[in-house]
Amino acid sequence: MSFRISGDVRVPGDKSVTHRALMFAAAAQGESRLSGLLPGEDCRSTAAVLRALGCDVPPPPADGSEIVVRGRGIDAWRAPAEPLDCGNSGTTSRLMMGLLASRPFASVVTGDASLRGRPMRRITEPLASMGARFRELDAPDRLPIEVTGGGLHGIDYVSPKASAQIKSAVLLAGLGARVPVSVTEPALSRDHTERMLSALGAPVRTETSADGVRAVLGAWGEPLPPLDLRVPGDPSSAAFLAALALLADAGELRIRGVLANPTRTGFFSLARLMMGLLHWERGRAVGGEPVSDLVVRPSRLKAVQIGGDDIPAAIDEIPVLAILAARAEGETRITGAGELRVKESDRIAAVVAALRAIGAEAEELEDGLVIRGGDHPLRGRVTTHGDHRIAMAFGVLAALPGNEIEIDDRQCAAVSFPGYWELLDSLVRGG
Ligand code: S3P
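Just so it is clear, the model here is predicted, and its values are computed rather than measured.

A. View of the environment of V352. Looking at the secondary structure, you find V352 in helix 10 (residues 347-357). Each C-alpha atom of the pair V352 and V370 lies 8.5 Å from the other, and the pair is 18 residues apart in sequence. In contact with V352, not counting residues within four places along its chain, are A362, E363, E364 and L369.

Here it is as structure tokens:
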């Protein structure tokens, strides 16, 4: 059966930019106007946590319409009455711990079972060396954690990982405490925090040296000004639709207004290396970030070798890249991706198990996976472990005519892409 794709669509707002926009607006002095925010559950968690701290932050509206955040400055934040529930959102918990480290009160940060299983010392150790205090209330290195902030001093932190959450936690602690900080990471992780700070006039800069990439925030005593921002479409969400188009038999898909920050577009570059026909059009700048339309055409994909340097810009897209690899000619090997084991699920184990469960060939490496491509129909049931990106990645294969794939939990896609299944369905039906 042949499948023709045609469509001109948009995806919901970028998750990373939405989290940061909400946090900055809540820490600013004055009225911020934000539109195109991701209404996914992760970003609703950030808004709810900020409200629990006394900030006037409405939940991001389902239709992406504008909200106004009346910020009274970070000094107006108050100790929360209850533990701060970050739900499934690692970014909420880790960036908020950075901001909370600068506040002179105690708060407890917690989340759902998946988030309570993820490592936190990567954040609490640098923040503790700035002077914040942390109490692990349940298990070592895990939420719930009580943060008692205030009295911070600056730090030049050398991070062992290219992680935007580690980098941002330290930068935000420096911002809140008005002390100078720098973070050196082995390779540049997504740089939305630095770009947003720079757009707001903060003394932030990036230096590249033989040791890695260093983000520097100078001491900045001025109140944070409000933002006026339209959040561009999430490239991590666009990747699923692009994968569907690459695996179609004919036609073309256009995805408008996608965030095209080079620290986020690794999946698209790798898909091109796999001989995928996709390109960017109408590049422009919005709020200090590059934005473009993405045009994707069905392609005969070839296997690719993916190593450590490729990983940071494609970190959240490895599950969907594995889907392309399962339908490409040849053997794809992905290495240097050990961080995938501590995402919303162990994504190496989850992807390999799901590929095998539907009759594809894959095996685990300690820090990656090997996938042998094929073109026979795929059948079986996928266990998502409640991980939104596993559900959506395998949803692409499930949507392709000829396959018979059941996904055990489709609801979890709402974490980052509300409306995903409806949009996928409409593209497959040609609606
Ligand atoms: C994010 C950083 C990445 C990414 C996550 C969002 C962010 O995590 O996987 O989905 O918004 O800063 P790490 O910093 O742990 O790599």
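B. Expanded view of the site of the ligand. Taken together, the neighbourhood of the ligand is formed by S16, R20, T91, S163, A164, Q165, R190, I315, D316 and K343. In the model, an oxygen atom of the ligand is placed 2.6 Å from a nitrogen or oxygen of the R20 side chain. For the shell around the ligand, the per-class residue count stands at two nonpolar, four polar and four charged. Taken domain by domain, the shell around the ligand gets at least three of its residues from each of domain 1 (15-217) and domain 2 (232-430).

C. Here's a closer look at the nonpolar core. Of all hydrophobic cores here, the largest spans 76 residues; its most connected members are L241, L324, L355, F394 and Y420. Ranked by the residues each element gives to this core, the list is headed by helix 7 (residues 235-246), at nine residues. Residues contacting L355, with those up to four places away along its chain left out, are A322, I323, A326, A360, A362, I371 and F394. Listed in part, the 66 residues of the second largest apolar core include V17, V109, I145 and V204.

D. Up close: helix 10. Looking only at helix 10, the buried set comprises R347, I348, A350, V351, V352, A354 and L355. As for helix 10, its buried residues are in contact with helix 9 (318-326), strand 18 (361-365), strand 19 (368-372), strand 20 (379-382) and helix 11 (388-399). A side-chain oxygen of the first residue of helix 10 lies 3.1 Å from the backbone nitrogen of I348; this N-cap is D346. Positive phi shows up at G359, right after helix 10, with a value of about 95 degrees.

E. Spatial organisation of the side chain of S168. When you line up the elements, S168 lands in helix 5 (residues 164-177). Under the relative-accessibility criterion, S168 is labelled buried at 0%. Once residues within four sequence positions are removed from consideration, S168 is found in contact with R20, L95 and T193.

F. Local environment of the environment of F268. Within the element layout of this structure, F268 appears in helix 8 (residues 266-273). Aside from chain neighbours lying at most four places away, what touches F268 is P235, A238, A239, A242, L278, W280 and L294.

So, how was this worked out
- Residues numbered from 1 in each chain as written.
- Predicted model: local features only at pLDDT ≥ 70, side-chain atom pairs only at ≥ 80, totals over all residues.
- Heavy atoms only, no water.
- Helix = DSSP H or I, 4+ residues; strand = E, 2+ residues; numbered from the N terminus.
- Contact = heavy atoms within 4.5 Å.
- Near = heavy atom within 4 Å.
- Polar contact = N/O pair within 3.5 Å; in protein donor to acceptor, adjacent residues only side chain to side chain.
- Nonpolar A, V, L, I, M, F, W, Y, C, P; charged D, E, K, R; others polar.
- Domains from an automatic or database assignment.
- Core = buried A, V, L, I, M, F, W, Y, C linked by side-chain atoms within 4.5 Å.
- Buried < 20%, exposed > 50% of the residue type's maximum accessible area, 1.4 Å probe, protein only.

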